[in-house]
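# Chains, contacts and geometry: an overview
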Amino acid sequence: MAEAYIVGAVRTPVGRRNGGLSTVHPADLAARTLGALVGRTGVDPSAVEDVIMGCVMQFGPQSMDIARTAWLSAGLPESVAGVTVDRQCGSSQQAIHFAAQGVLSGTQDLVVAAGVESMSIVPMGSPVTAALERGMPFPFGEMWAERYGRQEISQFRGAELMCEKWDLDREELERFACESHRRATEAVAAGRFTEQITPIGGVENDEGPRADTTPEKMAALKTLREGGRITAATSSQISDGAGALLIASERALRDHGLTPRARIVTLTLVGDDPVYMLTAPIPATRKALEKAGLSIDDIDVVEINEAFAPVPLAWIGEVGADPARVNPNGGAIALGHPLGATGAILMTKLLHELERIGGRYGLQTMCEGGGQANVTIVERL
């Protein structure tokens, strides 16, 4: 039976909006991780068969197939092709899935899975804004309206709906957010991210974590919606960043003298209610664990994207995960969420944390626009 292995994983620091990475062209941001990945693994770059890169706002500087332009910007061989994918926030996790599937199918041996997003340069919603300015309709058409009506469909409403369904009050959300910052600042201070990061533009560390965050400060913020429970403090930060991984077959390991760091155990994808939008990690996790023949207690490290605090809180309650194993070094509330890059960044963090603690299994998941979720389970080698 064919296997797919992770050989290398690297990321940039995650920069705050208008922070230290905000003037770096997105293709150059991604190129830095691609070059670092090739250098750290020692792979012959001409042997790579494809570069699959997640990017959500494929607009302006992030358009024209940024996977290809980033690879060439890194000075890597012209013979290697690239393709850019969009599964919303899960775009680069999907890139990992596509890369692994190419290897598992036997049609490819070496594939790069990557992701990039500069939310400072290409703001969230840029394509929609540009379309509306030209009188084009919002992405949801008449057939969508026939099925779901003309109700608001947004991640912000979805987060509030989750708070209501799982009875999560504002104080609980803010306690979780404070803990995310505490874990992230502790991880930065301990140097846990140093090995996985390739510095860029003079930025060496993640810019998002706030050591001075307190529940009192969070309680003073206005909610994002009148009468709601979600604030900026319990939401993921708008950020800039990139990440890249090398996925290899058993044959590629032998032929190129590569050392595998993890085996991909299972790849799962499900859709859920697009109005709630953010709930799909729950059924996706159940499906992935069943496919892998594992229980949640077998998982040593979980990375679930903290798009909003109710997402991991509801997930923990539903699947029975140990909170201490979930985002042990903080999540997107503290570290940021550069949309198309987050999947690759989370897998890079997951792999390094498994190695740090000597854990065996890791699970990654995230909510995605349209009510979708990917789950990836890996086994450290």
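See the structure above.
So, here is what we can say about the structure in this document. (Residues numbered from 1 in each chain as written. Predicted model: local features only at pLDDT ≥ 70, side-chain atom pairs only at ≥ 80, totals over all residues. Heavy atoms only, no water.)

### Some details on the overall build of the protein chain
Looking only at helices and strands, the protein chain features 13 helices and 10 strands. Counted over contacts in the protein chain with a minimum sequence separation of 6, partners at least 24 positions apart contribute 82%. Working note: accessible area of the protein chain is about 15100 Å², and carbon and sulfur atoms make up 50% of it. Within the protein chain, one finds 34 positive and 47 negative side-chain charges whose respective centroids are separated by 1 Å. (Helix = DSSP H or I, 4+ residues; strand = E, 2+ residues; numbered from the N terminus. Contact = heavy atoms within 4.5 Å. Areas by Shrake-Rupley, 256 points an atom, 1.4 Å probe, with all protein chains shown as cover. Lys, Arg positive; Asp, Glu negative; His and termini not counted. Charge placed at Lys NZ, Arg CZ, Asp CG, Glu CD.)

### Thoughts on the pairing of strand E1 (residues 5–11)
Buried residues dominate E1, accounting for 7 of its 7 residues. Strand direction decides the pairing type here: E1 and strand E7 (residues 262–271), joined by 2 bridges, are antiparallel. Each residue of the ladder has a partner; that of Ile-6, found in E7, is Ala-262. Inspection of the sheet shows E1 paired to strand E6 (residues 239–248) by 6 bridges, in the antiparallel sense. Opposite Arg-11, over in E6, you have Gly-243 as the bridge partner. (Buried < 20%, exposed > 50% of the residue type's maximum accessible area, 1.4 Å probe, protein only. Pairing = 2+ DSSP bridges.)

### Details of helix H2 (residues 66–73)
Restricting attention to buried positions, one finds in H2 the residues Ile-66, Ala-67, Ala-70 and Trp-71. Buried residues of H2 fall within an arc of 135° about the axis and therefore sit on the same side. (Arc of directions from axis to C-beta.)

### A look at the layout of surface pockets
Each pocket or cavity is described by its volume, and for the largest pocket that value is around 1400 Å³. Around the largest pocket sit 48 residues that line it, and Met-124, Gln-155, Phe-156, Phe-308 and Leu-339 are the ones nearest its centre. Counting only elements with at least two residues in the lining of the largest pocket, the list comes to helix H4 (126–133), helix H6 (155–165), helix H8 (215–219) and strand E9 (361–368). The element that contributes the greatest number of residues to the lining of the largest pocket is H4, accounting for 3 residues. Of the residues that constitute the lining of the largest pocket, the class distribution is 26 nonpolar, 16 polar and 6 charged. (1 Å grid on protein atoms, 1.4 Å probe; cavity = no way out; pocket = protein on both sides within 12 Å on 5 of 7 lines; lining within 4 Å. Points joined across faces, edges and corners; volume = space filled by probe spheres on them. Nonpolar A, V, L, I, M, F, W, Y, C, P; charged D, E, K, R; others polar.)

### Let's talk about the pattern of salt bridges
Here the structure, examined in full by the defined rule, presents 18 salt bridges. Residue Asp-109 pairs with Arg-251 through a salt bridge whose shortest N-O separation is 2.9 Å. With Asp-109 in the loop between helix H3 (91–104) and strand E5 (110–118) and Arg-251 in helix H9 (residues 250–256), this residue pair connects regions lying 142 residues apart in the sequence. Taking relative accessible area as the criterion, Asp-109 reaches 17% and is therefore assigned buried. Overall, the relative accessible area of 43% leaves Arg-251 in the partly exposed class. A salt bridge links Arg-360 to Glu-379; the shortest N-O distance between them is 2.8 Å. In this pair, Arg-360 sits in the loop between helix H13 (342–357) and E9 while Glu-379 sits in strand E10 (residues 372–380), placing the two residues 19 residues apart along the sequence. In this structure Arg-360 comes out as partly exposed when scored by relative accessible area, which is 45%. In this structure, a network of salt bridges that share partners links the residues Glu-179, Arg-182, Arg-183, Glu-186 and Arg-192. (Salt bridge = Lys/Arg side-chain N within 4 Å of Asp/Glu carboxyl O.)

### Details of the packing of aromatic side chains
If you walk through the whole model with that rule in mind, you get 3 aromatic pairs. Judged by centre distance (4.7 Å) and plane angle (40°), the ring pair of Trp-144 and Tyr-148 falls under tilted. Here Tyr-148 and Trp-144 lie together in helix H5 (residues 142–148), a separation of 4 residues that amounts to about one turn. Accessibility expressed as a relative area gives 25% for Trp-144, which makes it partly exposed. Seen from their ring centres, Phe-156 and Phe-308 are 5.8 Å apart, and the 80° between their planes marks the pair as edge-to-face. (Phe/Tyr/Trp six-rings, centres within 6.5 Å; stacked < 30°, edge-to-face > 60°.)

### Overview of the packing of helix H7 (residues 170–189) against helix H11 (residues 310–319)
Two elements in contact, H7 and H11, have axes separated by 10 Å at closest approach and are oriented at 100°. Accordingly, the angle class assigned to the pair H7 and H11 is roughly perpendicular. Residue-level inspection shows Glu-172, Leu-173 and Phe-176 of H7 in contact with H11, the latter providing Pro-310, Pro-312 and Leu-313. Of the residues in the contact of H7 with H11, the class split is 5 nonpolar, no polar and 1 charged. (Axes fitted to C-alpha atoms, helices over the stretch in contact; angles between N-to-C directions. Parallel < 35°, antiparallel > 145°, perpendicular 65-115°, else oblique.)

### A word on the nonpolar core
Formed by 46 residues in total, the largest nonpolar core has its most connected members in Leu-278, Ile-299, Trp-315, Leu-363 and Ile-377. Mapped by element, the contributors of at least two residues to this core are H6, H7, helix H10 (281–292), strand E8 (299–304), H11, E9 and E10. With 6 residues, H11 is the single largest residue contributor to this core. Not counting chain neighbours up to four residues away, the residues in contact with Leu-363 comprise Thr-285, Leu-289, Ile-299, Val-301, Val-302, Glu-303, Trp-315, Leu-350, Val-375, Thr-376 and Ile-377. With 37 residues, the next largest nonpolar core counts Val-10, Leu-37, Trp-71 and Ala-244 among its residues. (Core = buried A, V, L, I, M, F, W, Y, C linked by side-chain atoms within 4.5 Å.)

### Digging into H10
Counted at 1.5 Å a residue, the expected span for H10 with its 12 residues is 16 Å, and the 16 Å between its end C-alpha atoms agrees. Along H10, the residues that are buried comprise Pro-281, Ile-282, Ala-284, Thr-285, Ala-288 and Leu-289. Axial view of H10: buried residues confined to an arc of 165°, hence all on one face. Check the buried side of H10 and you find it contacts E7, E8, H11, E9 and E10. Once H10 ends, the next one or two residues include Gly-293, with phi positive near 70°. (Expected span 1.5 Å × (residues − 1).)

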